[in-house]
Amino acid sequence: MIASTDNNNTMKAAVVVAAGKWEIKQIPIPQTTKGQVRVKVMACGVCYSDSMIVSGRVGPIFPRVPGHEIAGIVDALGEGVTKFKIGDRVGVGFFGGGHCGECTDCLSNSWVTCKSVGGCGISFNGGFAEYTVAPQDALSRIPDEIDFLQAGPFCCAGVTVFNSIRNQGLRAGDLVAVHGIGGLGHLGIQFARKLGYEVIAVSSGDDKEQLAKELGAHHYINSTKPDVVGRLQALGNIKLIMCTAPAKESVELLSKALGFNGKLLLLAIMKELTINPLQLISKNQSVVGSYCGDSRDTEDTLKFAANQNIKSMLQVYPLEQVEECLNNISKARFRAVLKIGDF
Ligand SMILES: [Zn+2]
Ligand SMILES: [Zn+2]
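For the chain, an unreviewed UniProt entry supplies the name Zinc-containing alcohol dehydrogenase and the organism Cavenderia fasciculata. Under the Cofactor (unreviewed entry) heading, UniProt states for the chain: "Zn(2+)". Under the UniProt heading Sequence similarities (unreviewed entry), the note attached to the chain is "Belongs to the zinc-containing alcohol dehydrogenase family."

### Observations concerning empty space enclosed by the protein
Inspection of every chain in the model, using the stated rule, returns 1 cavity of 30 Å³ or more. Put simply, the largest cavity is a space of about 40 Å³. Those elements that place two or more of their residues in the lining of the largest cavity are β5 (89–92), α3 (148–166) and α9 (295–308). A per-class count over the lining of the largest cavity returns 6 nonpolar, 6 polar and 1 charged.

### Looking at the pairing of strand β11 (residues 238–243)
Of all 6 residues making up β11, 6 are buried, and the element is well covered by its neighbours. Here strand β8 (residues 175–179) runs beside β11; their pairing, made up of 5 bridges, is parallel. Residue pairing for β11: Ala-177 is matched across the bridge by Ile-241. As paired elements, β11 and strand β12 (residues 258–266) share 5 bridges and run parallel to each other. By the bridge assignment, Cys-243 is partnered in β12 with Leu-266.

### A look at the layout of surface pockets
Gaps left between atoms show up when a probe the size of a water molecule is rolled over them. Estimates place the volume of the largest pocket at around 1200 Å³. Those elements that place two or more of their residues in the lining of the largest pocket are α1 (48–54), α3 and β9 (198–203). If you tally residues by element for the lining of the largest pocket, the top one is α1, at 4 residues. Here the residues of the lining of the largest pocket sort into 24 nonpolar, 15 polar and 5 charged. Both domain 1 (10–159 + 292–339) and domain 2 (168–289) contribute no fewer than three residues apiece to the lining of the largest pocket.

### Structural notes on the environment of Glu-198
Positionally, Glu-198 belongs in strand β9. Exposure remark for Glu-198: the relative accessible area of 28% places this residue in the partly exposed category. Apart from the residues lying within four places of it in its own chain, the contact partners of Glu-198 are Gly-173, Asp-174, Leu-175, Val-176, His-218 and His-219.

### Observations regarding the coordination of the zinc ion (ligand 2)
In the first shell of the zinc ion (ligand 2), the protein supplies Cys-100 (SG), Cys-103 (SG), Cys-106 (SG) and Cys-114 (SG), at 2.3 Å from the metal. Of note is the zinc ion (ligand 2), whose 4 donor atoms meet at the metal with angles of 103 to 116 degrees in an arrangement that counts as tetrahedral. Along the chain, the residues donating to the zinc ion (ligand 2) fall in the pattern C-x2-C-x2-C-x7-C. A residue is classified by how much of its surface remains accessible, and Cys-114, at 5% relative accessible area, is buried.

### Some details on the UniProt feature "domain: Enoyl reductase (ER)" (unreviewed entry) in the chain
The UniProt entry lists residues 20–338 under the feature "domain: Enoyl reductase (ER)" (unreviewed entry), expressed in the numbering used here. Taken end to end, residues 20–338 comprises 27% helix and 26% strand; its first and last C-alpha atoms sit 19 Å apart.

About the criteria used
- Residues numbered from 1 in each chain as written.
- Chains lettered and ligands numbered in written order.
- Predicted model: local features only at pLDDT ≥ 70, side-chain atom pairs only at ≥ 80, totals over all residues.
- Heavy atoms only, no water.
- UniProt positions renumbered as here; feature names shortened; annotations may be inferred.
- 1 Å grid on protein atoms, 1.4 Å probe; cavity = no way out; pocket = protein on both sides within 12 Å on 5 of 7 lines; lining within 4 Å.
- Points joined across faces, edges and corners; volume = space filled by probe spheres on them.
- Helix = DSSP H or I, 4+ residues; strand = E, 2+ residues; numbered from the N terminus.
- Nonpolar A, V, L, I, M, F, W, Y, C, P; charged D, E, K, R; others polar.
- Buried < 20%, exposed > 50% of the residue type's maximum accessible area, 1.4 Å probe, protein only.
- Pairing = 2+ DSSP bridges.
- Domains from an automatic or database assignment.
- Contact = heavy atoms within 4.5 Å.
- Donors = N, O, S within 2.8 Å, 3.2 Å for Na, K, Ca; no water.
- Tetrahedral: all angles 85-135°; square planar, octahedral: opposite > 155°, others 65-115°.

Set out below in structure tokens:
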């Protein structure tokens, strides 16, 4: 175990020194430059996509400190920072800020797809450390009601789920199915319920029914029992199926239960899917993806979660156990989060 931050301007960090190779070590505390904010990290969620970052599959230059579900306190301000002050409680998600404000995407209000935007924990060091530095447009305010451990996962998993549902043009009372009750799905059920939809949880086995209903699902469908499509269609005209589990056959089967104008919303990464075009055409259906969201979306997510009392189910680890935590991430129930600061 390495001592915590000392007076030599160094900090403890979990560093990926080469693809797949971790070291817990002391590195210099980062300094702000123009427009940047330094955040004292209190907690940082561990996301499934961190495993792709650590393996080098999505292209960070090593050494790199991953971590893009950051919750902390503003600790230093670079020149020109106007939106935040020292002591503010803030989050940083996968959206790493630095949007140009001038490209066609920015002008269409899509900061997240701007080519100038960096990925937190990919193009700059992220939150698996005692401090991180990010552009001010990457930061979101955390409401007082939400503690740091809860706030972290809302900055990636939470905003991914919330943004994906709220942007589909549904009406209150519409029938929404959530496939999978894991890290994303357990949030999807809660957000869909609080957004005012009639919610169906779909998962394998009977053992998850009680939890699904506690999270807010009105209905539960066991996908291992016969006639899944018929049982789903019996509940009504399904307008949205949120797919959070990378289970190709299940997703293909569920797509057959979509109603008129229904959308198959993909949040899980699968190599390929086979969907019948005639079904899409004849029922005016679509298959849609949804990227995470920017810092404004994250701030909306945090506010909505505070107002509606939405909570992630968490497994908490110390920073030193990040490798073990990530190795088990696909088996983790719900969200994993590193407790880094003293609180
Ligand atoms: Zn993530
Ligand atoms: Zn831009």
